[in-house]
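Here is what each chain is made of, one letter per residue.
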Amino acid sequence: MIRPLFRRNWTSRAATLSGGDVVVISIPKSGRTWLRTFLCAYFCRRAGLKMTLEPEQFLRPEIPRVVYSHDIYEQHTKAVRLWDRVRGKYLVPRASLRQARVVLLARDPRDAFVSHYIQLTRRTLETPAELKRMSAGEMLHDRRYGIEPMIGVLNNWISAFTALPRFALARYESLRVEPDKSFRALLLAIGENVIDQSAFEHALAFSAFGNMKNMEASGAFDSKILQPGDARDAESFKVRRGKIGGFVEYLSAADQAFAARALASLDPRFHYSAETRA
């Protein structure tokens, strides 16, 4: 199991990862931008404000401050320098987790891995050349970027977070299959006791996959969070496919078997298995 020796952050990044009313933690490519778009659309519409992916700029008390982080996974993959590892550069401080409402956003690790692989090799400019040359199968087995480290991080999170006073697990697949029910549950989990129906319906429509994809392609967003790496390359878009079970189109039969064996070690509380597709 991957775990930091100490959950402390002694870097300047600690300030941006602290003080959130809500903390959303996930493996990359688990639907975080989609979830963020929904929440921003909901709270901006409810407050009568212009839509933005960074609503904290308005400093309005009715809009919760949401911190988004890849936490241990980012620490594992990006903190390559000893100094960054020792200082916990990418970790959400322990006090922040205890004070906030924590949402763990999960996605089938096989789909998350494939989507992250495509992002690293087709979208992220700073990806090292040796990684960009890897096939999906090669990266799948990698000790830093492969599927096994992803599963180790997920297991660490759910074991640690279930002890928190205000914790909720959100599954990408549930949000896709039952968006009305699942996004309502999400809002309740982050403290929205009375849901504004008009704002809710607007947010569902605004964050619909097709609408987000069209807006990314047209550059409609005011943030680099949702812009394509290369407008000519559909695989470089942040909103790419969002398909459940799409990993089978990128992994060989042998790689799928390896991923299934790795998935067997995932905590059953996530409700994913080798047969899971939704």
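Further up the page is the structure itself.
Residues numbered from 1 in each chain as written. Predicted model: local features only at pLDDT ≥ 70, side-chain atom pairs only at ≥ 80, totals over all residues. Heavy atoms only, no water.

**Remarks on the packing of helix α2 (residues 71-78) against helix α8 (residues 147-161)**
- Two numbers describe how α2 lies on α8: the axes approach to 9 Å, and their chain directions differ by 145 degrees. Here the hand of the crossing between α2 and α8 comes out right-handed. Touching Asp71, Ile72, Tyr73 and His76 of α2 are Pro149, Met150, Val153, Asn156 and Trp157, all from α8.
- Of the residues assigned to the contact of α2 with α8, the class counts are six nonpolar, two polar and one charged. (Axes fitted to C-alpha atoms, helices over the stretch in contact; angles between N-to-C directions. Helix = DSSP H or I, 4+ residues; strand = E, 2+ residues; numbered from the N terminus. Left-handed = near helix turned anticlockwise from the far one by under 90°. Contact = heavy atoms within 4.5 Å. Nonpolar A, V, L, I, M, F, W, Y, C, P; charged D, E, K, R; others polar.)

**So, empty space enclosed by the protein**
- Overall, the coordinates contain two cavities of 30 Å³ or more when judged by the stated rule.
- Considered as a void within the structure, the largest cavity measures approximately 90 Å³ in volume.
- What lines the largest cavity is Arg36, Leu39, Cys40, Phe43, Leu53, Pro55, Glu56, Ile63, Pro64, Arg65, Val66 and Tyr68.
- For the lining of the largest cavity, the elements supplying multiple residues, two or more each, are α1 (32-47) and β2 (66-69).
- By residue class, the composition of the lining of the largest cavity is nine nonpolar, no polar and three charged. (1 Å grid on protein atoms, 1.4 Å probe; cavity = no way out; pocket = protein on both sides within 12 Å on 5 of 7 lines; lining within 4 Å. Points joined across faces, edges and corners; volume = space filled by probe spheres on them.)

**Let's talk about the environment of Ile63**
- For Ile63, the position within the fold is in the loop between α1 and β2.
- Distance from Ile63 to Arg46, taken between C-alpha atoms, is 9.0 Å for residues 17 residues apart in sequence.
- If sequence neighbours within four positions are ignored, Ile63 has contacts with Phe43, Arg46, Ala47, Leu49 and Pro55.

**Here we look at the state of the cysteines**
- Scanning the model with the defined rule gives zero disulfides in all.
- No disulfide involves Cys40; its sulfur sits 5.9 Å from that of Cys44, the nearest cysteine. (Disulfide = S-S within 2.5 Å.)

**Things to note about the packing of α8 against helix α13 (residues 253-263)**
- In contact at an axis separation of 10 Å, α8 and α13 are set at 20 degrees when each is read in the N-to-C sense. Relative to α13, the element α8 is oriented roughly parallel. Classified by chirality, the crossing of α13 by α8 is right-handed. Residues Ile147, Glu148 and Ile151 of α8 form the contact with α13, whose participating residues are Phe258, Ala259, Ala262 and Leu263.
- In terms of residue class, the contact of α8 with α13 is made up of six nonpolar, no polar and one charged. (Parallel < 35°, antiparallel > 145°, perpendicular 65-115°, else oblique.)

**Concerning the sheet that holds strand β4 (residues 167-171)**
- The four strands are arranged β2-β1-β3-β4 in an open sheet whose pairing can be described as parallel. Every interior strand has two partners, whereas the edge strands, β2 and β4, have only one. Each strand of the sheet is rotated relative to its neighbour by a mean of 20 degrees, with strand direction disregarded.
- Taken together, the four bridges between strand β1 (residues 22-26) and β2 define a ladder with parallel strand orientation. The partner of Val22 across the bridge, within β2, is Val66.
- Where α1 meets the sheet, its contacts fall on β1, β2 and β3 (101-106), and the angle it forms with β2 comes to roughly 170 degrees. (Pairing = 2+ DSSP bridges.)

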